[in-house]
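Single-letter residue listing:
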Amino acid sequence: MPKKYHIHPKPAPLGLEYVFKFKIVRGENCINCGKCTKVCIYEAHKRRKEDPRRMADPNTVVCRNCFRCIQECPRGALEKSLDKDFAGIGGAFWKPDMLISLWKQAEDGKVPVSGAGYRGPFTGAGFDSMWTDMSEIVRPTRDGIHGREYISTSVDLGRRLNHLVFDAEGRLVSKVPDTVDLPIPILFESPTADLSANVREALVKAAAEIGTCIIMPAADITPEFAGYSDSIIPCLAPVEIDTHRAVIEKARLVAIKHSDALMSDLPRVREEIRRISHALTIIRVPAENDVEETVARLAHSGAEIIHIVADYCGRELNGSPVSEQRLLKDIVRAVHLRLVEDRIRDEVTLIASGGIAMAEHVPKAMLCGADLTAIDIPLMIALGARVYEKPEKQLIFPEGLARIPVPLVTQRMVNLMGAWHSQILEVMGAMGIREARRLRGESGRAILFEEVDRDTFGKLFKNNREAVSK
Ligand code: SF4
Ligand code: SF4
C-alpha cells in the first residue's frame, strides 16, 4: 500500500487585526475571577502572560458563538457586539461567514465546526443547490478519516488511452502517454492582485510542501524559485514560448492561454514546447458561454489538459447580465457531458477554477465532471485578506502582512489545505469512495436540487398551469 498522504498543520496565528462579525469585549467590571477560562472550551479567554492576575483580551478568532461565557460571567462583564467594520464584507457569493471559516481553518488547520448548528438555507445558487450522497457513512469512516482505511486523494493530469493495443506476441504496442500525479485535487493559482514578496514566496513553498503545483505568470518566475521547478507551472501566451525557454525546460507542466488563433495552431504550439522539454501542456480556456464547444474542439485537436477558468464568483465570463450567467457547477457539467457525448472524455484532463471557495466545492466540482480544481482567493483569505464584491471586486490585505515571515505565511496556506484535505476525506469516506479519481462525473453520488424539485413538484405545477389555462 502506498504511504499515506498527510498534510501537517501547526498553529499559525498571524497576530494581525481581523474583522469578525461579532467581537467579545471584556468590561471594566471584570474581577479577573477566571471563570470564563473554564467555561470556554475553545480557549478564547486566557490570563495575560506577563501578569497572570489579569485577563488578556478575548481571542475572537476561536470563538464559536455559544454565548456560555457571557451567560456565566458572575459580573456580566462580557459583551458580544456586532463589529461595524464587518458590514459590507464579502457579498452574495463570498459570504462573510465563509471568510471567517477560512481564516479559522488557516489558523490551526482544523476542520471547522459551527458549535451552534447550521442555521443557513438548505439550497441556493451553484454548488449550494447540490448535495453529496452520504449514505455510505457508516462504512469507511468507522475509525476516522485518518484511520486504517486508506482513502486516496491523488489525481493524474494528462491524456489517457481509451484502450491498449497488444501485438500477436502480447507485447504492448500502444504508447502510454506521460502523466503528472498530484496527491490532492487542488492546484494553486497566483492571484492577479499585487502580492508582497513574502506572499509570493510562501505560495510557491506551500504548493511544494503539500506536493501540488502553482500556476504563475512565466514572467514572475524569478531565479529565487530555481529550486521549485517541479512545483511551478509557468503560464504564458504562445508567442512567449521562446522568451521563457529556461523555465519551460525545467517545468513538468506548462499553461498556455487560449486564443482563437491557438485552435488551429495547437499541434505546432505543443510541438514547440515538446522540443524544449517533456512538460505536459495545459490550455487555459475562459468559461465563456460556448466553452463546451471550445473544449470539445481542443480535445479533438489533441489537447491533453484543459483548464476552465470562471470568474472569482464561479460565473461565466460572457458579459451577459449576472442573472443569465451559468455558474461553475453547470459549466463543468455541460463540458463533461459534451466530452462524454463525443466519446473523448477519458482522453483529456479537466481543471475547474473560479468560485472554488470551500473544501466541499472540490468534490462537488469533481462530481460535476472536473478531474481537479484550482484556487487562488481562498489562499489569500487564509492570510487575513478580505474580499468585497461591491461596488466591484476588491481584495484587501491586512496591514502589516508584508512583514510576516515567509514560514508563517506558508504554514497558514498549508493549514488551510490540511483542513480542506480532511474535509475532502470526510466527504469521500461518507460517500464510500476511496479514490478521488472515481469522483469525476460520478453524478449518481450527487443530489441536485433542480432535479429533486422537478421530480417532486414538476408534475403538480404542470397540472396547475394546465388547469389555469383551461
Ligand atoms: S468570568 Fe467575567 S469576571 Fe470572571 S474573569 Fe471572566 S470576564 Fe472577568
Ligand atoms: S461565546 Fe462560547 S465560544 Fe465564544 S468565547 Fe464565549 S464561551 Fe467561548
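The following paragraphs examine the structure supplied in this document. (Residues numbered from 1 in each chain as written. Chains lettered and ligands numbered in written order. Predicted model: local features only at pLDDT ≥ 70, side-chain atom pairs only at ≥ 80, totals over all residues. Heavy atoms only, no water.)

### Regarding the overall build of the chain
Here comes step 1: On a plain count of helices and strands, the chain comes out with 12 helices and 16 strands.
Here comes step 2: In summary, the chain has a C-alpha radius of gyration of 25 Å against a globular reference of 23 Å for 470 residues, a match within 12%.
Here comes step 3: Dimensions of the chain along its principal axes, counting C-alpha atoms only, are 85 × 75 × 50 Å.
Here comes step 4: Per-residue burial for the chain yields a buried fraction of 50% across its 470 residues.
Here comes step 5: Taking all contacts inside the chain whose residues are at least 6 apart in sequence as the whole, residues at least 24 apart take part in 70%.
Here comes step 6: Summed over all atoms, the accessible surface of the chain reaches about 23400 Å², with 52% contributed by carbon and sulfur.
Here comes step 7: Charge-centre separation for the chain: the mean point of 65 positive side chains lies 6 Å from the mean point of 64 negative side chains. (Helix = DSSP H or I, 4+ residues; strand = E, 2+ residues; numbered from the N terminus. Rg over C-alpha atoms; globule rule 2.2 N^0.38 Å. Buried < 20%, exposed > 50% of the residue type's maximum accessible area, 1.4 Å probe, protein only. Contact = heavy atoms within 4.5 Å. Areas by Shrake-Rupley, 256 points an atom, 1.4 Å probe, with all protein chains shown as cover. Lys, Arg positive; Asp, Glu negative; His and termini not counted. Charge placed at Lys NZ, Arg CZ, Asp CG, Glu CD.)

### Looking at the site of ligand 2
Here comes step 1: Around ligand 2, the neighbouring residues are Ile-24, Cys-40, Tyr-42, Ala-44, His-45, Cys-63, Arg-64, Asn-65, Cys-66, Phe-67, Arg-68 and Cys-69.
Here comes step 2: More than half of the atoms of ligand 2 fall within 2 Å of the grid points belonging to the second largest cavity.
Here comes step 3: Residues of the shell around ligand 2, tallied by class, amount to eight nonpolar, two polar and two charged. (Near = heavy atom within 4 Å. 1 Å grid on protein atoms, 1.4 Å probe; cavity = no way out; pocket = protein on both sides within 12 Å on 5 of 7 lines; lining within 4 Å. Sits in = over half its atoms within 2 Å of the grid points. Nonpolar A, V, L, I, M, F, W, Y, C, P; charged D, E, K, R; others polar.)

### A short note on the pairing of strand β13 (residues 372–375)
Here comes step 1: Side chains Leu-372 and Ala-374 project from β13 onto one buried face, and the interleaved Thr-373 and Ile-375 project onto a second face that is buried too.
Here comes step 2: Bridge count for strand β6 (residues 186–189) against β13 is three bridges, and the pairing is parallel. Each residue of the ladder has a partner; that of Leu-187, found in β13, is Ala-374. (Pairing = 2+ DSSP bridges.)

### Thoughts on the packing of helix α3 (residues 96–108) against helix α11 (residues 406–431)
Here comes step 1: At their nearest, the axes of α3 and α11 sit 6 Å apart, and the two run at 105 degrees to each other. It follows from the interaxial angle that α3 and α11 lie roughly perpendicular. On α11, the residues that touch Leu-102, Trp-103, Gln-105, Ala-106, Glu-107 and Asp-108 of α3 are Arg-412, Asn-415, Leu-416, Ala-419, Trp-420 and Gln-423.
Here comes step 2: Each residue belonging to the contact of α3 with α11 can be placed in one class, and the counts come to six nonpolar, three polar and three charged. (Axes fitted to C-alpha atoms, helices over the stretch in contact; angles between N-to-C directions. Parallel < 35°, antiparallel > 145°, perpendicular 65-115°, else oblique.)

### A word on empty space enclosed by the protein
Here comes step 1: All chains considered together, the criterion is met by three cavities of 30 Å³ or more.
Here comes step 2: When its volume is computed, the largest cavity comes out at roughly 110 Å³.
Here comes step 3: Lining the largest cavity are 17 residues, with Cys-30, Cys-33, Cys-36, Cys-73 and Pro-74 positioned closest to its centre.
Here comes step 4: The set of elements that each furnish at least two residues to the lining of the largest cavity consists of α1 (35–39) and α2 (68–72).
Here comes step 5: Counting residues per element, the lining of the largest cavity draws most heavily on α1, at three residues.
Here comes step 6: Taken together, the residues that form the lining of the largest cavity break down as 11 nonpolar, two polar and four charged.
Here comes step 7: Each pocket or cavity is described by its volume, and for the second largest cavity that value is around 90 Å³.
Here comes step 8: Cys-40, Cys-63, Cys-66, Phe-67 and Cys-69 are the residues nearest the centre of the second largest cavity, which is lined by 15 residues in total. (Points joined across faces, edges and corners; volume = space filled by probe spheres on them.)

### Concerning the layout of surface pockets
Here comes step 1: Quantified by volume, the second largest pocket comes out at close to 1400 Å³.
Here comes step 2: Split by residue class, the lining of the second largest pocket holds 24 nonpolar, five polar and 19 charged.

### Re the packing of aromatic side chains
Here comes step 1: On inspection of all chains with the given rule, the structure shows two aromatic pairs.
Here comes step 2: Over the ring of Phe-67 we find Lys-80; its NZ or CZ atom is 5.7 Å from the centre of that ring. (Phe/Tyr/Trp six-rings, centres within 6.5 Å; stacked < 30°, edge-to-face > 60°. Lys NZ or Arg CZ within 6 Å of the ring centre and 35° of its normal.)

### So, the side chain of Gln-105
Here comes step 1: Looking at where Gln-105 falls in the secondary structure, it is placed in helix α3.
Here comes step 2: One polar contact links Gln-105 to Ser-101, side chain to side chain, over a distance of 2.9 Å.
Here comes step 3: For Gln-105, the contacting residues outside a window of four places in its chain are Lys-110, Pro-112, Asn-415, Leu-416, Ala-419, Trp-420 and Gln-423. (Polar contact = N/O pair within 3.5 Å; in protein donor to acceptor, adjacent residues only side chain to side chain.)

### Section: the nonpolar core
Nonpolar side chains tend toward joint burial in soluble globular proteins.
Here comes step 1: In terms of nonpolar packing, the biggest core is built from 127 residues, with Trp-94, Phe-188, Met-413, Met-417 and Trp-420 touching the most fellow members.
Here comes step 2: It is α11 that contributes the most residues to this core, 12 residues altogether.
Here comes step 3: The contacts of Met-417, once residues within four sequence positions are left out, are Ile-7, Ile-184, Ile-186, Phe-188, Ile-210, Ile-375 and Leu-379.
Here comes step 4: Counting residues in each nonpolar core, the second largest holds nine residues, with Ile-24, Val-39, Cys-73 and Leu-78 among its members. (Core = buried A, V, L, I, M, F, W, Y, C linked by side-chain atoms within 4.5 Å.)

### Observations concerning the sheet that holds β6
Think of a sheet as strands paired side by side through backbone hydrogen bonds, with each pair either parallel or antiparallel.
Here comes step 1: The sheet built from eight strands closes into a barrel, its strands ordered β6-β7-β8-β9-β10-β11-β12-β13 with parallel pairing. Averaged over all adjacent pairs, the angle separating strand axes in this sheet is 25 degrees, with direction ignored.
Here comes step 2: Contacts between α11 and the sheet are confined to β6 and β13, with β6 contributing the most and set at about 150 degrees to the helix.

### A look at the packing of helix α9 (residues 361–368) against α11
Here comes step 1: Contact pair α9 / α11: the axes reach a minimum separation of 9 Å and the direction vectors enclose 50 degrees. Put simply, α9 runs oblique to α11. Between α9, through Val-362, Pro-363 and Leu-367, and α11, the contact on the second element is made entirely by Trp-420, Ile-424, Val-427 and Met-431.
Here comes step 2: Of the residues that constitute the contact of α9 with α11, the class distribution is seven nonpolar, no polar and no charged.

### A look at the environment of Pro-223
Here comes step 1: For Pro-223, the location among the structural elements is in the loop between β7 (214–217) and β8 (232–236).
Here comes step 2: Linking Pro-223 and Val-247, residues 24 residues apart in sequence, is a C-alpha distance of 9.6 Å.

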